[in-house]
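Below are the chains, spelled out letter by letter.
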Amino acid sequence: MKSINKILSSAVPLNIENIDTDQIIPARFLKATSRDGFGKNLFRDWRYENDDENKPRKEFSLNDSRYSGKILVAGKNFGCGSSREHAAWAIKDYGFDVVVSSFFADIFKNNALNNFCLPVTVSEDFLKEIFDAISREASIIIAVDLENQTISFSGRDKKTLKSSFEISHYKKTCLLNGYDDIDYLLSMKEEITAFENKPLTHPNTI
């Protein structure tokens, strides 16, 4: 797996709240078992008129040539709905390494982390600042620093705005090192072996 640490990228704004997993990847595209190829159907019903790839909806941000990058900035309560892991597959396969929102559904958040897509939770005020900054300058660069757990960008008057975000130590270690669950256990092989070989001690009995 490709590790994630510092990401400097422009962003694609999607200022819509309560985006559910069926909107992220419609159910009719869930037949495949491989993780590849889901990106082309990301937000399929929002990207095209009548599901026709020859008729992209120009007003939708993923079809807007002003926006590009590895960061998706979305409204509150992103990834609600069903537990389908395909939603995380589609976002990652499309090319996003980071999704920023003020709130993520728990199952989506875990699925994203398991697929090396970093969900960054910020306050609603900070999220609004990001949307405002992108509306002023579509190519604005956002910096996500996983090791230091910060996200920053230039706001009004070129003043740097920064926020911290939370992530479990375990998932942070996996993302920084490109580990899946098995890789993480293998990385601790020496510690596990040492623990297994440690002599057993018995409490004093009366």
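### Side note on the sheet that holds strand 3 (residues 71-74)
Inference 1: As summarised here, the arrangement of the four strands in space is 2-3-4-5, forming an open sheet in which the pairing is parallel. Here the strands that pair on one side only, and so sit at the sheet edges, are strand 2 (11-14) and strand 5 (118-121). In this sheet, neighbouring strand axes are inclined to one another by 20° on average, regardless of whether the strands run parallel or antiparallel.
Inference 2: Relative to strand 4 (residues 98-101), strand 3 is paired through three bridges, and the arrangement is parallel. Across the sheet, residue Leu72 finds its bridge partner in strand 4, namely Val99.

### Concerning helix 5 (residues 124-136)
Inference 1: In this model, helix 5 (13 residues) spans 19 Å end to end at C-alpha, consistent with the 18 Å of a helix rising 1.5 Å per residue.
Inference 2: Of the residues making up helix 5, those classed as buried are Phe126, Leu127, Ile130, Phe131, Ala133 and Ile134. All buried residues of helix 5 project into a common sector of 160° when viewed along the axis, lining one side. Seen from the open side of helix 5, the exposed residues pointing more than 90 degrees away from its buried face are Asp125, Lys128 and Ser135.
Inference 3: Turning to helix 5, the residues buried within the fold contact strand 2, strand 3, strand 4, strand 6 (142-145), strand 7 (150-154) and strand 8 (160-164).

Procedures and definitions
Residues numbered from 1 in each chain as written. Predicted model: local features only at pLDDT ≥ 70, side-chain atom pairs only at ≥ 80, totals over all residues. Heavy atoms only, no water. Pairing = 2+ DSSP bridges. Helix = DSSP H or I, 4+ residues; strand = E, 2+ residues; numbered from the N terminus. Axes fitted to C-alpha atoms, helices over the stretch in contact; angles between N-to-C directions. Expected span 1.5 Å × (residues − 1). Buried < 20%, exposed > 50% of the residue type's maximum accessible area, 1.4 Å probe, protein only. Arc of directions from axis to C-beta. Contact = heavy atoms within 4.5 Å.

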